[in-house]
Amino acid sequence: MQGLIMDYQLNVPAILRRGEQLFGEKEVVTRLPDRSWHRTTYAEFGARARRLGAALRKELGLTDGDRVGTFCWNHYQHLETYIGAPVSGLVTHTLNLRLHPDDLAYIASHAGDRVLIADKVLWPLVEAFRERAGFEHVVAVGAGETPDGALDYEDLLASVSETDVEEREIDERAAAAMCYTSGTTGRPKGVVYSHRAIAVHTLAAAMAGVLDISEKDVVLPVVPMFHANAWGFPFTCTLTGAVQVFPGPHLDPQSLLEAFAQEGVTVTAGVPTIWTGILQALDADPGGWDLSRLRAMVVGGSAAPQSMIEGFERRHGIKVVHAWGMTETCPLGSVSELTSRERALPEAEQYAYRAKQGIPAPYVEIRARGAEGLVPWDGETMGELEVRGVWIASSYHDAPETADRWTDDGWFRTGDIVTIEPNGFIEIQDRAKDLVKSGGEWISTVALENALMGHPAVLEAAVIAVPDEKWSERPLAVVVLREGATATGEELREHLAPRFAKWWLPDRVEFVDEIPKTAVGKFRKTALRERFADAAVESR
Ligand code: ADP
């Protein structure tokens, strides 16, 4: 017997219709490059997003499934493209503006982007790859003169009228957006999100126990819109009617804190390196900003150290929500919200759970595989995390050589080495490529980093594997000390000693001024490995 329910399409147009019909007066706020503030409403954003879609089709000749590249900071025009392209049957493809021009040229041409929509303030960067990428049209966004060979974004919008806008029927399995992995561990690979994946991800992200977003929220995603779908916020906010605040290019701690206070931000999100800077600023000037409305700071992309989670909460009363995800998982995979089970534990254990990556979101299933097959959920046995679910990638765009990232029964191999607790909490021990394999055993660099960053003198710590004749690899810690603080390698090893087996302790600690970061703000361990590859040998 078949269910007798409408075959309603789960798509981005349905998300926009809800946002504009029910929350037309809600605001979309942007900090412009000149630091002034731009304010618009959902009604206006919806109308402009639709006009953009119509113009891309009518004026520039795009048709169903064509890719629209974006090369922009987080702002209202980027939101218009994000939603306007899929609503008109096109595919938004966000380009990471911190990548090298060679990578950008490769990614844009591999994706087949026909049009690029780019910020005028980023123009020198655009020129460095636009020719090689082969765009048919380049559209320039923002104030100031329109660069040579580009169309002005506002002129493009003005080229069509309301009557050119058509409501399209869009198959929920059609592509809505594309995003390439940020390439932390290899050549970027393209993930193609379907409308259906985004629609269900949006619903799940809004749930209590997941990211818990509703109409009463004011959300400022620090995470760039080009990083893993902006963690779904543009869609989640539009569906629920939450106010959206975009920081534009102003991502320094002072500007962000100002924006949180001025706009009464309730939820914000970004990678740990952003929050390290914010925590330092707050510690230096605890009463400096009124953050009384800020109820959740979502941290993901790399492990959030427990000391950071505790620091925000104990010293500033701000709740950190630790989440795990990947470009390939739309990106939400798991969220570390405690259930009543963990809430019954002593406070110290609760914090330890909050520093894990949490339980999978609804419609995401997990398992982990070791050398001998699937590992038990005992919180101890390490294995590679495999996931499946409504919004998990089933292959990469035009990359048949990557088919082995999926198991024979269709689960995605994440490349993350985890343990899973009996209660379903995932703890990321490492990326498979970053693990230290010492004497046939695995050492979690994430666990060592987490503990090092719990030392009062340590601002940032990255642990890498260096070659070792006897053990094959040994851990080496690269540490940035807080301003004015001192510590020796021996002191840091003593700090670690009670927490880890002796053979886990880094043989050597290197002090540096700064840890190199990737295009999305993660520790660039490949660079550290190159720099310190011979360190272990030297120290012998
Ligand atoms: P890239 O692989 O290029 O860094 P992504 O941003 O998609 O691109 O990265 C996903 C990876 O980031 C995950 O596979 C995992 O290794 C890491 N990651 C994401 N969130 C967390 C987290 N909360 N804790 C630890 N690692 C995380």
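That block above? That's the structure.
Residues numbered from 1 in each chain as written. Predicted model: local features only at pLDDT ≥ 70, side-chain atom pairs only at ≥ 80, totals over all residues. Heavy atoms only, no water.

Let's shift gears to the overall build of the protein chain. The helix and strand inventory of the protein chain stands at 18 helices and 26 strands. Expected size for 540 residues packed as a compact globule is a radius of gyration near 24 Å; at 23 Å, the protein chain falls within 12% of this value. In the protein chain, buried positions account for 59% of the 540 residues. Taking all contacts inside the protein chain whose residues are at least 6 apart in sequence as the whole, residues at least 24 apart take part in 67%. Put simply, the protein chain shows about 22100 Å² of open surface, and 50% of that area lies on carbon and sulfur atoms. Taking the average place of the 54 positive charges on the side chains of the protein chain and the average place of its 78 negative ones, the gap between the two points comes to 2 Å. (Helix = DSSP H or I, 4+ residues; strand = E, 2+ residues; numbered from the N terminus. Rg over C-alpha atoms; globule rule 2.2 N^0.38 Å. Buried < 20%, exposed > 50% of the residue type's maximum accessible area, 1.4 Å probe, protein only. Contact = heavy atoms within 4.5 Å. Areas by Shrake-Rupley, 256 points an atom, 1.4 Å probe, with all protein chains shown as cover. Lys, Arg positive; Asp, Glu negative; His and termini not counted. Charge placed at Lys NZ, Arg CZ, Asp CG, Glu CD.)

Strand order in the open sheet made by the 5 strands is β18-β17-β19-β20-β21, with antiparallel pairing throughout. This sheet does not close on itself; its edge strands, each paired only once, are β18 (373-374) and β21 (426-431). Of the strand pairs in this sheet, strand β20 (residues 412-420) and β21 are connected by 5 bridges, and their pairing is antiparallel. If you follow aspartate 416 over to β21, its bridge partner there is arginine 431. (Pairing = 2+ DSSP bridges.)

This part is about the pairing of strand β1 (residues 27-31). Of all the 5 residues making up β1, 4 are buried; the element is thus mostly covered by neighbouring parts of the structure. Alignment of β1 against strand β2 (residues 37-41), held across 5 bridges, turns out to be antiparallel. Considered in β2, the bridge of arginine 31 is made with tryptophan 37. The turn linking β1 back onto β2 is made up of 5 residues, and arginine 35 within it adopts a positive phi angle of 80 degrees. Relative to strand β11 (residues 243-246), β1 is paired through 3 bridges, and the arrangement is parallel. By the bridge assignment for β11, valine 29 is matched with valine 245.

This part is about the sheet that holds strand β5 (residues 113-119). The strand order across the open sheet built from 7 strands is β7-β6-β5-β3-β4-β8-β9, with neighbouring strands paired in mixed fashion. Both outer strands of the open sheet, β7 (151-152) and β9 (190-194), are each paired with one neighbouring strand and no more. Across the sheet, helix α3 (residues 76-87) lies against β3 (67-71), β4 (91-94), β5, β6 (137-141) and β8 (175-180), angled at about 140 degrees from β4, the strand it touches most. Those strands touched by helix α4 (residues 101-111) are β3, β4, β5 and β8, and its axis lies near 155 degrees from that of β8. (Axes fitted to C-alpha atoms, helices over the stretch in contact; angles between N-to-C directions.)

What follows covers helix α17 (residues 525-532). Turning to α17, its buried residues are Lys525, Leu528 and Phe532. Taken end-on, α17 shows its buried residues confined to a sector of 55 degrees, consistent with a single buried face. (Arc of directions from axis to C-beta.)

This next bit is on the state of the cysteines. Applying the stated rule across the entire model yields 0 disulfides. Summary of cysteine pairing: cysteine 72 is not part of a disulfide, and the nearest cysteine sulfur, belonging to cysteine 179, is at 14 Å. Judged by its relative accessible area of 2%, cysteine 72 falls in the buried class. You can see cysteine 330 has no disulfide; the closest cysteine sulfur is in cysteine 179, sitting 9.9 Å from it. Given a relative accessible area of 0%, cysteine 330 falls into the buried group. (Disulfide = S-S within 2.5 Å.)

Moving on: helix α12 (residues 306-316). Looking only at α12, the buried set comprises Met308, Ile309, Gly311, Phe312, Glu313 and His316. Its buried side turned inward, α12 meets α11 (272-284), β13 (296-299), β14 (320-325) and α14 (347-354).

What follows covers the nonpolar core. Nonpolar side chains in soluble globular proteins tend to end up buried together. Ile83, Leu211, Val298 and Trp391 are the most contacted members of the largest nonpolar core, which totals 68 residues. Apart from residues lying up to four places away in sequence, tryptophan 391 is in contact with Ala197, Val200, His201, Ala204, Glu328, Thr329, Cys330, Leu332, Ala361, Pro362, Tyr363 and Val364. Counting 57 residues, the second-largest nonpolar core is a separate cluster that includes Val29, Ala118, Ala150 and Leu291. (Core = buried A, V, L, I, M, F, W, Y, C linked by side-chain atoms within 4.5 Å.)

This paragraph deals with the packing of aromatic side chains. Under the criterion given, the structure shown has 10 aromatic pairs. Ring centres 5.1 Å apart and planes at 50 degrees place the aromatic pair tryptophan 406 and phenylalanine 412 in the tilted group. Phenylalanine 412 carries the same exposure label as tryptophan 406, and that label is buried. Cluster of aromatic residues (ring-pair linked, three or more members): Phe71, Phe129 and Phe135. Lysine 356 extends its terminal NZ or CZ atom over the ring of tyrosine 353, reaching a point 5.4 Å from the ring centre. Over the ring of tryptophan 411 we find arginine 367, and its NZ or CZ is 4.0 Å from the ring centre. (Phe/Tyr/Trp six-rings, centres within 6.5 Å; stacked < 30°, edge-to-face > 60°. Lys NZ or Arg CZ within 6 Å of the ring centre and 35° of its normal.)

The peptide bond linking cysteine 330 to proline 331 adopts the cis configuration, its omega dihedral lying at 20 degrees. With respect to the helices and strands, the residue proline 331 is situated in the loop between β14 and β15 (332-335). Phi at aspartate 212 is positive, roughly 55 degrees, even though this residue is not glycine. Look at aspartate 212 and you get partly exposed, because its relative accessible area is 32%. In this structure, tyrosine 363 is a non-glycine residue whose phi angle is positive, near 70 degrees. Counting through the fold element by element, tyrosine 363 comes out in the loop between β16 (359-360) and β17 (364-370).

Let us now look at the pattern of salt bridges. Tallied over the full model, the rule gives 40 salt bridges. Measuring nitrogen to oxygen at the nearest pair gives 3.1 Å for the salt bridge that ties arginine 529 to aspartate 434. Highlighted residues: arginine 529 in helix α17 and aspartate 434 in the loop between β21 and β22 (436-438), separated in sequence by 95 residues. (Salt bridge = Lys/Arg side-chain N within 4 Å of Asp/Glu carboxyl O.)

With that out of the way, let us pick up the pairing of strand β19 (residues 383-389). When β17 meets β19, the two strands line up antiparallel, connected through 6 bridges. Looking at β19, one finds that isoleucine 366 is bridged to valine 387. Where β19 and β20 come together, 4 bridges link them in antiparallel fashion. Considered in β20, the bridge of glutamate 386 is made with arginine 413.

A separate point is the environment of threonine 70. Within the secondary structure, threonine 70 is located in strand β3. On the basis of relative accessibility, which here comes to 1%, the residue threonine 70 falls in the buried class. Residues contacting threonine 70, with those up to four places away along its chain left out, are His78, Thr81, Thr92, His93, Thr94, Leu95, Leu116 and Ile117. Here histidine 78 takes part through its side chain, which lies 2.9 Å from a polar atom of the side chain of threonine 70. (Polar contact = N/O pair within 3.5 Å; in protein donor to acceptor, adjacent residues only side chain to side chain.)

Any link to function would need more than the numbers given here.
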